[in-house]
Amino acid sequence: GGSSAAKRRAGERAAEAVEDGFVVGLGTGSTTAHAIRAIGRAVDDGLDVRGIPTSFQSRQLALEAGIPLTELDAVDGVDLAIDGADQVVDDPESAAYGALIKGGGAAHAREKLVDTAADRFVVVADPSKLTDRLHRSVPLEVRPDAHTVTADRVQALGGEPTLRDAERKDGPVVTDNGNLVVDCAFGPIDDPDGLATRLSRSPGVVEHGLFVGVADATYVGTDDGVEVRRY
Ligand code: DER
(Lines give C-alpha, C1' and ligand atoms only; values in the text may rest on other atoms or scores of the structure.)
Protein backbone atom coordinates (compact mmCIF):
# COMPACT_ATOMS: atom_id res chain seq x y z
CA GLY A 1 0.00 0.00 0.00
CA GLY A 2 0.90 3.66 0.06
CA SER A 3 3.02 5.61 2.54
CA SER A 4 2.05 5.38 6.18
CA ALA A 5 2.32 9.18 6.51
CA ALA A 6 -0.29 9.56 3.77
CA LYS A 7 -2.54 6.99 5.44
CA ARG A 8 -2.13 8.68 8.81
CA ARG A 9 -2.99 12.12 7.38
CA ALA A 10 -6.13 10.78 5.71
CA GLY A 11 -7.29 8.95 8.83
CA GLU A 12 -6.62 11.84 11.17
CA ARG A 13 -8.43 14.30 8.88
CA ALA A 14 -11.49 12.05 8.78
CA ALA A 15 -11.49 11.83 12.57
CA GLU A 16 -11.89 15.62 12.70
CA ALA A 17 -15.37 15.19 11.16
CA VAL A 18 -16.56 13.32 14.26
CA GLU A 19 -18.70 15.70 16.33
CA ASP A 20 -19.77 15.46 19.96
CA GLY A 21 -22.61 13.00 20.43
CA PHE A 22 -21.89 11.18 17.13
CA VAL A 23 -22.42 7.51 16.45
CA VAL A 24 -19.53 6.65 14.15
CA GLY A 25 -18.93 3.55 12.02
CA LEU A 26 -15.37 2.32 12.48
CA GLY A 27 -13.97 0.73 9.34
CA THR A 28 -11.30 -1.91 8.93
CA GLY A 29 -7.73 -1.70 7.70
CA SER A 30 -4.53 0.20 8.31
CA THR A 31 -5.75 3.58 7.06
CA THR A 32 -8.89 3.64 9.18
CA ALA A 33 -6.78 2.52 12.14
CA HIS A 34 -5.29 6.03 12.18
CA ALA A 35 -8.81 7.50 12.39
CA ILE A 36 -9.71 5.14 15.22
CA ARG A 37 -6.63 6.12 17.20
CA ALA A 38 -7.33 9.83 16.59
CA ILE A 39 -10.94 9.42 17.75
CA GLY A 40 -9.60 7.67 20.86
CA ARG A 41 -7.44 10.70 21.62
CA ALA A 42 -10.49 12.97 21.17
CA VAL A 43 -12.43 10.74 23.60
CA ASP A 44 -9.57 11.18 26.10
CA ASP A 45 -10.09 14.94 25.63
CA GLY A 46 -13.80 14.62 26.43
CA LEU A 47 -15.47 13.85 23.08
CA ASP A 48 -18.79 12.02 23.59
CA VAL A 49 -18.98 9.38 20.85
CA ARG A 50 -20.09 5.80 20.32
CA GLY A 51 -18.34 3.62 17.77
CA ILE A 52 -19.74 0.72 15.75
CA PRO A 53 -16.90 -1.63 14.73
CA THR A 54 -16.93 -3.41 11.36
CA SER A 55 -14.64 -6.31 12.25
CA PHE A 56 -12.83 -8.09 15.05
CA GLN A 57 -9.80 -5.94 14.16
CA SER A 58 -11.63 -2.60 14.32
CA ARG A 59 -13.30 -3.61 17.59
CA GLN A 60 -9.91 -4.48 19.10
CA LEU A 61 -8.45 -1.16 17.94
CA ALA A 62 -11.46 0.75 19.31
CA LEU A 63 -11.19 -1.01 22.69
CA GLU A 64 -7.48 -0.16 22.85
CA ALA A 65 -8.30 3.46 21.91
CA GLY A 66 -10.96 3.68 24.62
CA ILE A 67 -13.85 4.43 22.26
CA PRO A 68 -17.20 3.43 23.79
CA LEU A 69 -18.74 0.75 21.56
CA THR A 70 -22.28 0.09 20.43
CA GLU A 71 -24.02 -1.86 17.68
CA LEU A 72 -26.40 -0.98 14.83
CA ASP A 73 -29.46 -2.38 16.62
CA ALA A 74 -28.77 -0.27 19.71
CA VAL A 75 -28.77 3.16 18.01
CA ASP A 76 -31.27 5.29 16.09
CA GLY A 77 -28.79 5.95 13.30
CA VAL A 78 -25.15 6.33 12.34
CA ASP A 79 -23.96 9.89 11.84
CA LEU A 80 -20.66 9.14 10.09
CA ALA A 81 -18.80 6.07 8.86
CA ILE A 82 -15.06 6.13 8.19
CA ASP A 83 -13.56 3.27 6.18
CA GLY A 84 -10.74 2.43 3.83
CA ALA A 85 -10.83 0.99 0.35
CA ASP A 86 -8.68 -1.04 -2.00
CA GLN A 87 -9.55 1.04 -5.02
CA VAL A 88 -11.45 4.34 -5.57
CA VAL A 89 -12.59 5.68 -8.96
CA ASP A 90 -11.06 9.15 -9.17
CA ASP A 91 -12.20 10.29 -12.63
CA PRO A 92 -14.84 13.00 -12.14
CA GLU A 93 -16.05 12.39 -15.71
CA SER A 94 -16.78 8.76 -14.92
CA ALA A 95 -20.31 7.61 -14.13
CA ALA A 96 -18.60 5.47 -11.49
CA TYR A 97 -16.84 8.43 -9.82
CA GLY A 98 -16.38 7.49 -6.14
CA ALA A 99 -17.12 3.78 -6.69
CA LEU A 100 -14.99 1.50 -4.53
CA ILE A 101 -13.58 -1.95 -4.40
CA LYS A 102 -13.34 -3.08 -0.78
CA GLY A 103 -12.68 -6.39 0.91
CA GLY A 104 -8.91 -6.60 1.00
CA GLY A 105 -9.30 -7.18 4.71
CA ALA A 106 -12.19 -9.65 4.23
CA ALA A 107 -14.42 -7.42 6.36
CA HIS A 108 -16.63 -6.02 3.61
CA ALA A 109 -19.89 -7.65 4.70
CA ARG A 110 -20.11 -5.77 8.00
CA GLU A 111 -18.35 -2.75 6.47
CA LYS A 112 -21.04 -2.39 3.80
CA LEU A 113 -23.78 -2.77 6.41
CA VAL A 114 -22.36 0.03 8.58
CA ASP A 115 -21.07 2.25 5.76
CA THR A 116 -24.45 2.27 4.00
CA ALA A 117 -26.34 2.80 7.26
CA ALA A 118 -24.43 6.02 7.92
CA ASP A 119 -25.80 9.46 7.07
CA ARG A 120 -22.33 10.22 5.70
CA PHE A 121 -19.68 7.73 4.57
CA VAL A 122 -16.13 9.00 4.19
CA VAL A 123 -13.37 6.93 2.62
CA VAL A 124 -9.79 7.32 3.79
CA ALA A 125 -7.08 6.40 1.31
CA ASP A 126 -3.57 7.01 0.08
CA PRO A 127 -2.92 7.86 -3.59
CA SER A 128 -2.10 4.25 -4.49
CA LYS A 129 -5.81 3.46 -4.18
CA LEU A 130 -6.93 5.96 -6.85
CA THR A 131 -7.76 4.77 -10.36
CA ASP A 132 -9.70 5.95 -13.42
CA ARG A 133 -11.44 2.59 -13.71
CA LEU A 134 -11.90 -0.24 -11.19
CA HIS A 135 -9.73 -3.20 -12.17
CA ARG A 136 -8.70 -5.04 -9.02
CA SER A 137 -10.24 -8.38 -8.14
CA VAL A 138 -13.64 -8.12 -6.50
CA PRO A 139 -13.77 -10.00 -3.18
CA LEU A 140 -16.90 -12.04 -2.50
CA GLU A 141 -17.81 -13.31 0.97
CA VAL A 142 -19.47 -16.67 0.34
CA ARG A 143 -21.03 -19.38 2.48
CA PRO A 144 -18.50 -22.23 2.79
CA ASP A 145 -20.84 -24.66 1.04
CA ALA A 146 -21.26 -22.25 -1.88
CA HIS A 147 -17.68 -21.61 -2.95
CA THR A 148 -17.63 -24.03 -5.91
CA VAL A 149 -21.03 -23.05 -7.34
CA THR A 150 -20.04 -19.42 -6.87
CA ALA A 151 -16.81 -20.02 -8.77
CA ASP A 152 -18.82 -21.53 -11.63
CA ARG A 153 -21.18 -18.53 -11.62
CA VAL A 154 -18.28 -16.06 -11.59
CA GLN A 155 -16.70 -17.80 -14.60
CA ALA A 156 -20.04 -17.64 -16.40
CA LEU A 157 -19.94 -13.89 -15.74
CA GLY A 158 -16.48 -13.66 -17.32
CA GLY A 159 -14.50 -13.56 -14.11
CA GLU A 160 -11.61 -15.64 -12.81
CA PRO A 161 -12.36 -16.83 -9.23
CA THR A 162 -9.70 -17.65 -6.63
CA LEU A 163 -10.50 -18.98 -3.16
CA ARG A 164 -8.50 -16.71 -0.80
CA ASP A 165 -5.92 -18.81 1.01
CA ALA A 166 -4.85 -17.88 4.52
CA GLU A 167 -1.18 -17.07 5.04
CA ARG A 168 -0.57 -18.36 8.58
CA LYS A 169 -3.22 -21.05 8.65
CA ASP A 170 -3.62 -24.07 6.44
CA GLY A 171 -6.53 -23.69 4.07
CA PRO A 172 -8.66 -20.66 3.20
CA VAL A 173 -9.26 -17.34 4.97
CA VAL A 174 -12.33 -17.61 7.21
CA THR A 175 -14.18 -14.32 7.84
CA ASP A 176 -15.49 -12.98 11.16
CA ASN A 177 -18.84 -14.40 10.04
CA GLY A 178 -17.44 -17.91 9.43
CA ASN A 179 -17.56 -17.61 5.66
CA LEU A 180 -14.97 -17.89 2.86
CA VAL A 181 -13.64 -15.28 0.46
CA VAL A 182 -13.49 -15.73 -3.31
CA ASP A 183 -11.46 -13.06 -5.14
CA CYS A 184 -12.85 -12.51 -8.64
CA ALA A 185 -10.71 -11.00 -11.39
CA PHE A 186 -12.85 -9.35 -14.06
CA GLY A 187 -10.18 -7.07 -15.51
CA PRO A 188 -11.25 -3.43 -16.03
CA ILE A 189 -14.83 -2.96 -14.77
CA ASP A 190 -16.72 -0.45 -16.91
CA ASP A 191 -20.12 -1.04 -15.32
CA PRO A 192 -19.55 -1.69 -11.62
CA ASP A 193 -23.23 -1.18 -10.84
CA GLY A 194 -24.29 -3.84 -13.34
CA LEU A 195 -21.66 -6.27 -12.11
CA ALA A 196 -22.69 -5.58 -8.49
CA THR A 197 -26.26 -6.51 -9.34
CA ARG A 198 -25.25 -9.76 -11.02
CA LEU A 199 -22.97 -10.75 -8.15
CA SER A 200 -25.63 -9.93 -5.55
CA ARG A 201 -28.04 -12.30 -7.29
CA SER A 202 -25.68 -15.27 -6.99
CA PRO A 203 -27.07 -17.61 -4.30
CA GLY A 204 -24.55 -18.21 -1.51
CA VAL A 205 -22.83 -14.86 -2.02
CA VAL A 206 -23.12 -13.09 1.34
CA GLU A 207 -21.57 -9.82 0.11
CA HIS A 208 -19.39 -8.48 -2.70
CA GLY A 209 -16.75 -5.78 -2.48
CA LEU A 210 -18.22 -3.32 -5.02
CA PHE A 211 -19.45 -0.19 -3.19
CA VAL A 212 -21.19 1.83 -5.89
CA GLY A 213 -22.89 5.14 -5.11
CA VAL A 214 -22.17 4.70 -1.41
CA ALA A 215 -19.25 6.96 -0.54
CA ASP A 216 -19.92 10.66 0.07
CA ALA A 217 -16.30 11.73 0.09
CA THR A 218 -12.74 10.47 0.04
CA TYR A 219 -9.89 11.97 2.04
CA VAL A 220 -6.70 11.28 0.10
CA GLY A 221 -3.59 11.57 2.21
CA THR A 222 -0.59 12.88 0.26
CA ASP A 223 3.00 13.49 1.28
CA ASP A 224 2.19 17.05 2.22
CA GLY A 225 -1.47 17.14 3.19
CA VAL A 226 -4.94 15.81 2.46
CA GLU A 227 -6.99 16.20 -0.72
CA VAL A 228 -10.77 15.90 -0.39
CA ARG A 229 -13.01 14.44 -3.10
CA ARG A 230 -16.74 14.98 -2.73
CA TYR A 231 -19.25 12.94 -4.74
O1 DER B 1 -11.07 -4.54 3.57
C2 DER B 1 -11.29 -3.33 3.31
O3 DER B 1 -12.16 -2.94 2.54
C4 DER B 1 -10.40 -2.33 3.96
O5 DER B 1 -10.99 -1.10 4.01
C6 DER B 1 -9.06 -2.41 3.35
O7 DER B 1 -9.03 -3.09 2.17
C8 DER B 1 -8.30 -1.14 3.20
O9 DER B 1 -7.13 -1.45 3.85
P10 DER B 1 -5.91 -0.49 4.05
O11 DER B 1 -6.47 0.81 4.59
O12 DER B 1 -5.07 -1.21 5.06
O13 DER B 1 -5.27 -0.35 2.71
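In what follows, the structure referred to is the one given above.
Residues numbered from 1 in each chain as written. Predicted model: local features only at pLDDT ≥ 70, side-chain atom pairs only at ≥ 80, totals over all residues. Heavy atoms only, no water.

> I'm lost on unusual backbone geometry in this one. Help?
The general pattern is negative phi for most residues beyond glycine and trans for most peptide bonds. Phi at Ala-106 is positive, roughly 60 degrees, even though this residue is not glycine. Mapping Ala-106 onto the fold places it in the loop between strand E5 (100-101) and helix H4 (108-117). Residue Ala-106 is classed as buried on the basis of its relative accessible area of 12%. (Helix = DSSP H or I, 4+ residues; strand = E, 2+ residues; numbered from the N terminus. Buried < 20%, exposed > 50% of the residue type's maximum accessible area, 1.4 Å probe, protein only.)

> Could you clarify how one ought to interpret the pairing of strand E1 (residues 23-26) in this entry?
Each regular strand displays side chains that alternate between the two surfaces of the sheet. Side chains Val-23 and Gly-25 of E1 all project onto a buried face; the interleaved residues Val-24 and Leu-26 project onto the opposite face, where all are buried too. One crossover worth recording links E1 to the parallel strand E2 (residues 50-53) by way of helix H2 (residues 30-44), and it is right-handed. (Right-handed = clockwise from strand over helix to strand, strands pointing away.)

> Would you explain the site of the ligand in this entry?
Near the ligand lie 15 residues; those nearest to it are Ser-30, Thr-31, Asp-86, Gly-105 and Lys-129. Separating an oxygen atom of the ligand from a side-chain N or O atom of Ser-30 is a distance of 2.6 Å. Lys-129 has a polar side-chain atom sitting 2.5 Å from an oxygen atom of the ligand. Its residues placed into classes, the shell around the ligand shows 1 nonpolar, 8 polar and 6 charged. (Near = heavy atom within 4 Å. Polar contact = N/O pair within 3.5 Å; in protein donor to acceptor, adjacent residues only side chain to side chain. Nonpolar A, V, L, I, M, F, W, Y, C, P; charged D, E, K, R; others polar.)

> Sorry, what's going on with the nonpolar core here?
The nonpolar side chains of a soluble globular protein tend to be buried, and buried together. The biggest cluster of nonpolar side chains holds 26 residues, and the ones touching the most others in it are Val-18, Val-24, Ile-39, Val-49, Ile-67, Leu-80 and Ile-82. Sorting the residues of this core by element identifies helix H1 (4-15), E1, H2, helix H3 (56-65), strand E3 (78-83), strand E6 (118-125) and strand E13 (217-222) as the ones contributing at least two each. The element contributing the most residues to this core is H2, with 6 residues. In this structure Ile-82 touches Ala-14, Ala-15, Val-18, Val-24, Gly-25, Leu-26, Gly-27, Thr-32, Ala-35, Ile-39, Val-122 and Val-124, once residues within four positions along its chain are discounted. Ranked by size, the runner-up nonpolar core spans 19 residues in total, among them Ala-96, Ile-101, Phe-186 and Leu-199. (Core = buried A, V, L, I, M, F, W, Y, C linked by side-chain atoms within 4.5 Å. Contact = heavy atoms within 4.5 Å.)

> Can you walk me through the packing of H1 against H2 in this structure?
Relative placement of two packed helices is described by the angle separating their axes and the distance separating the axes. H2 packs onto H1 with a crossing angle of 45 degrees between their chain directions and a minimal axis gap of 7 Å. One finds that H1 runs oblique with respect to H2. Handedness of the H1/H2 crossing: right-handed. Touching Ser-4, Lys-7, Arg-8, Ala-10, Gly-11, Glu-12 and Ala-15 of H1 are Ser-30, Thr-31, His-34, Ala-35, Ala-38, Ile-39 and Arg-41, all from H2. Classifying every residue of the contact of H1 with H2 by side-chain character gives 5 nonpolar, 5 polar and 4 charged. (Axes fitted to C-alpha atoms, helices over the stretch in contact; angles between N-to-C directions. Parallel < 35°, antiparallel > 145°, perpendicular 65-115°, else oblique. Left-handed = near helix turned anticlockwise from the far one by under 90°.)

> Can you walk me through the environment of Leu-195 in this structure?
With respect to the secondary-structure elements, Leu-195 resides in helix H6 (residues 192-200). Since its relative accessible area comes to 4%, Leu-195 is described here as buried. Distance from Leu-195 to Leu-210, taken between C-alpha atoms, is 8.4 Å for residues 15 residues apart in sequence. When residues no more than four places from it in sequence are discounted, the contact partners of Leu-195 are Phe-186, Ile-189 and Leu-210.

> What exactly am I supposed to notice about H1 here?
Because an α-helix packs 3.6 residues into every turn, residues spaced three or four apart end up facing the same way. Its 12 residues give H1 an end-to-end C-alpha distance of 16 Å, which sits within 8% of 16 Å, the value for a rise of 1.5 Å per residue. By the burial criterion, the buried members of H1 are Ala-6, Lys-7, Ala-10, Gly-11, Ala-14 and Ala-15. Looking at the buried side of H1, the elements it contacts are H2, E3, E6, E13 and strand E14 (225-230). (Expected span 1.5 Å × (residues − 1).)

> Sorry if this is basic, but what is going on with the side chain of Lys-102 here?
Within the fold, Lys-102 resides in the loop between E5 and H4. Separated by 2.6 Å, the side chain of Lys-102 and the backbone oxygen of Gly-84 make a polar contact. Sequence-distant contacts of Lys-102, defined by excluding residues within four places in its chain, comprise Asp-83, Gly-84, Ala-85, Asp-86, His-108, Glu-111, Asp-115, Pro-139, Gly-209 and Phe-211.

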